[in-house]
There are 2 protein chains.
Amino acid sequence: MFKILDCTIRDGGYYTNWDFNKVTVSEYISAMNNLPVDYLEIGYRSMPMSGYLGKYFYSPIYELEELRQQSSRKLVIILNERDVKPEHLNDLLLPIVGLIDMVRLAIDPQNLGSAIKLAEVIKKMGFEVGFNVMYMSKWKLYNDFIENLRGIDGIADYFYMVDSYGGVYPQDVIETIDLVRKYTNCRLGFHGHNNLELALVNSLTAVEHGAEIIDATILGMGRGAGNLKTELLLSVLNTKFDIQLDFNALEKAVNAFEPLLDKHKWGTNLPYMISGSNSLPQKEVMDWVTTRFYSFNSIIRALQNQRNKIKDN
Amino acid sequence: MFKILDCTIRDGGYYTNWDFNKVTVSEYISAMNNLPVDYLEIGYRSMPMSGYLGKYFYSPIYELEELRQQSSRKLVIILNERDVKPEHLNDLLLPIVGLIDMVRLAIDPQNLGSAIKLAEVIKKMGFEVGFNVMYMSKWKLYNDFIENLRGIDGIADYFYMVDSYGGVYPQDVIETIDLVRKYTNCRLGFHGHNNLELALVNSLTAVEHGAEIIDATILGMGRGAGNLKTELLLSVLNTKFDIQLDFNALEKAVNAFEPLLDKHKWGTNLPYMISGSNSLPQKEVMDWVTTRFYSFNSIIRALQNQRNKIKDN
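Colleague: Go over the overall build of chain A with me, naming the residues and quoting the values.
Modeller: Scanning chain A from terminus to terminus reveals 14 helices and 8 strands. Taking 20 Å as the expected radius of gyration for a compact globule of 313 residues, we find that chain A reaches 19 Å, a close match to that expectation. If you line up chain A on its principal axes, its C-alpha atoms span 60 × 45 × 45 Å. When each of the 313 residues of chain A is scored for burial, the buried share is 60%. Of the accessible surface of chain A, which amounts to about 12,700 Å², a share of 49% is contributed by carbon and sulfur atoms. The centroid of the 32 positive side-chain charges in chain A is displaced by 4 Å from the centroid of its 38 negative side-chain charges.

Put into structure tokens, the structure is as follows:
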């Protein structure tokens, strides 16, 4: 059976600026104790940054100690590889040894080399290490990246394919796995986005082709169009894989985040569908659409041209 | 290229009791004139029934005449096979010859025989005829039904597989097509529901395996968890099949129904996911969940038992 990592707090934080109230978090943690979920990613660890960023962007020790007491699951934090220097690792990670089980790195494929260097240090501290490598739909363009995957064996515990644009199809998942498998034996993971409502089928396809861990969030809470919905994945596991499921606990987890969904209204919509199917950054599409100075057609044309490196007229 | 039938007004009517205001309908029709959609199903035709049912449950002649003038697309109405007797057909259909291009029948697989009899009459009146046969996830249980499909050749223009419970997976679509193909050469269609967010991938799978027409609705408006979203299908067509798309028109179609989505809030949710993945009638799950006299776990257990014909304890 594959493993499930729920990253509602970490990925949902894009909508709440990483603030969540205590009751929400505690209902979530307690529901997850009764659900077949293996890992909970509860936030970032970060050096002080400018601008306001909430508690789960920094994940202070007192909070992690409390979560460690409440949760019977493995706990995970993530680091933005591009913001972290090797000399930060002692400050960021030594105090959380024993509180956190896995450290993940969010990685631009062009920075794989420096990510591997960070990961070696993190691994030695005793953490499991996850590589979350973004932009999987563009990996074929980066030959170096693919070949350098040889360097992750023995360092990364999980190598995640991240569908950053929410634009990959099951066939793309299969081809990417085949490609990656030529260079690494690392356990594979998949982190889907739901722009085209393909997060579930892409995740199931990944599992069928050997992925061993899948990311999901309650109600799909997450950047832009959101993620694979944990409640959907678990409902499917219950019937397709015959996994026992405490529906009361699942309902409690869903209820905990429903007020936030009413407020922030994440989920897919026409602009996200277009950004997904064109592999365009969804933030750009949303910025243009929100401004509404131009017609929809001219926005799409401009963004498609930009992607194709044709100068706009 | 496969054909697209948009049935927003007909299937969305479950939420509005088949009332839609004039502006909504006219924005919809005008947007559809600029989109690559072949058929618009605009409602039922019905003999007078008890209880209030809105305009598009009856689709009166004056309305169809107006739509015929406004729309450059083929227009479709649907009949509930179980409510229509052969002696009703003259009243229901003769007045709309020339206004409506296709008549579809919503058919319980156990009534295929009487549906074929109705269809023969309808075909002779000059309409295209569509068979929308429900409960595709259970067809394997009905041997008679499958073998009697020989009788539809030359009568049905389209034979639709309807995923009534929203619980089929791409593999089920493939197997059902293989099964059906043994008995009929009729052009195939697929009508998906989105309980498990598989409507798109199931539809694309159906097309890949020979289906020639796909149903969709704007914003997925439709019973329960809703349908394949027209805007999603068209966005995917634009990039995957290189079909030109007027995004301004698509946006107008979406905008026309957004106030209704805010009001009725259709779409999938935990109870619909559970009904889908268990092939349970979603109405039953929703009725139980809304009452909330029992816990979620006991509701699911009761419904699963009922499906398995085990007496509840």
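Colleague: Can you tell me about the relation of the copies chain A and chain B, naming the residues and giving the values?
Modeller: Overlaying chain A with chain B gives an RMSD of 0.0 Å, the required rotation being 180° about an axis along which the chain moves by 0.0 Å. Taken together, the rotation and translation describe the operation of a two-fold axis. Closest approach to the rotation axis among the C-alpha atoms of chain A is made by A:Glu197, whose C-alpha sits 2.9 Å away. The residues that chain A uses at the interface reappear at the interface of chain B in 100% of cases, marking a shared surface.

Colleague: Give a detailed account of the sheet that holds strand β3 (residues 74-80) of chain B, specifying residues and quantitative values.
Modeller: Residues and elements named next belong to chain B. Spatially, β1-β2-β3-β4-β5-β6-β7-β8 is the arrangement adopted by the 8 strands of the closed barrel, whose pairing is parallel. For this sheet, the mean inter-axis angle between neighbouring strands, taken without regard to orientation, is 25°. Both strand β5 (residues 128-133) and strand β6 (residues 158-162) contribute to a ladder of 4 bridges, which runs parallel. In the sheet register, Val133 faces β6, and the bridge partner there is Met161. Most of the contacts of helix α8 (residues 170-181) go to strand β7 (residues 187-191), to which it runs at about 150°, and overall it touches β6 and β7.

Colleague: Explain the side chain of B:Thr16 to me, and be specific about the residues and the numbers.
Modeller: Residues and elements named next belong to chain B. Tracing the backbone shows Thr16 in helix α1 (residues 8-16). For Thr16, a relative accessible area of 12% gives the class buried. Within the local environment of Thr16, its side chain forms a polar contact with the backbone oxygen of Asp19, the two atoms lying 2.8 Å apart. If sequence neighbours within four positions are ignored, Thr16 has contacts with Met221, Leu260 and His264.

Colleague: Give me the nonpolar core: which residues, what numbers.
Modeller: Nonpolar side chains in soluble globular proteins generally cluster together in the buried interior. With 198 residues, the main nonpolar core has A:Leu93, A:Phe131, A:Phe159, B:Leu93, B:Phe131 and B:Phe159 as its most contacted residues. With residues near it in sequence (within four places) discarded, B:Phe159 still touches B:Phe131, B:Val133, B:Trp139, B:Phe145, B:Leu149, B:Ile152, B:Val180, B:Cys186, B:Arg187, B:Leu188 and B:Gly189.

Colleague: Explain helix α8 (residues 170-181) of chain A to me, and be specific about the residues and the numbers.
Modeller: One full turn of an α-helix is made of 3.6 residues, so residues set three or four places apart face in the same direction. An ideal rise of 1.5 Å per residue puts 16 Å on 12 residues; α8(A) measures up with 17 Å between its terminal C-alpha atoms. Listing the buried residues of α8(A) in full gives A:Pro170, A:Val173, A:Ile174, A:Thr176, A:Ile177 and A:Val180. Across the axial projection of α8(A), the buried residues extend over an arc of 165°, all falling on one side. Where α8(A) is buried, its residues touch β6 (158-162), β7 (187-191) and α9 (199-208) of chain A together with α9 (199-208) of chain B.

Colleague: Tell me what's going on with the pattern of salt bridges, and back it up with residues and numbers.
Modeller: Residue and element names in this part refer to chain A. According to the stated counting rule, one finds 26 salt bridges over all chains in the structure shown. Asp83 is the partner of Arg82 in a salt bridge, and the nearest nitrogen-oxygen pair spans 3.3 Å. Residue classification places Arg82 among the exposed positions, given a relative accessible area of 60%. For Asp83, a relative accessible area of 30% translates into the label partly exposed. Sharing partners across several salt bridges, the network here consists of Arg10, Asp11, Glu41, Arg104 and Asp215.

Criteria and cut-off values
- Residues numbered from 1 in each chain as written.
- Chains lettered and ligands numbered in written order.
- Predicted model: local features only at pLDDT ≥ 70, side-chain atom pairs only at ≥ 80, totals over all residues.
- Heavy atoms only, no water.
- Helix = DSSP H or I, 4+ residues; strand = E, 2+ residues; numbered from the N terminus.
- Rg over C-alpha atoms; globule rule 2.2 N^0.38 Å.
- Buried < 20%, exposed > 50% of the residue type's maximum accessible area, 1.4 Å probe, protein only.
- Areas by Shrake-Rupley, 256 points an atom, 1.4 Å probe, with all protein chains shown as cover.
- Lys, Arg positive; Asp, Glu negative; His and termini not counted.
- Charge placed at Lys NZ, Arg CZ, Asp CG, Glu CD.
- Least-squares fit on C-alpha atoms with pLDDT ≥ 70 in both.
- Contact = heavy atoms within 4.5 Å.
- Pairing = 2+ DSSP bridges.
- Axes fitted to C-alpha atoms, helices over the stretch in contact; angles between N-to-C directions.
- Polar contact = N/O pair within 3.5 Å; in protein donor to acceptor, adjacent residues only side chain to side chain.
- Core = buried A, V, L, I, M, F, W, Y, C linked by side-chain atoms within 4.5 Å.
- Expected span 1.5 Å × (residues − 1).
- Arc of directions from axis to C-beta.
- Salt bridge = Lys/Arg side-chain N within 4 Å of Asp/Glu carboxyl O.

Functional significance is not addressed by these values, which are geometric in nature.
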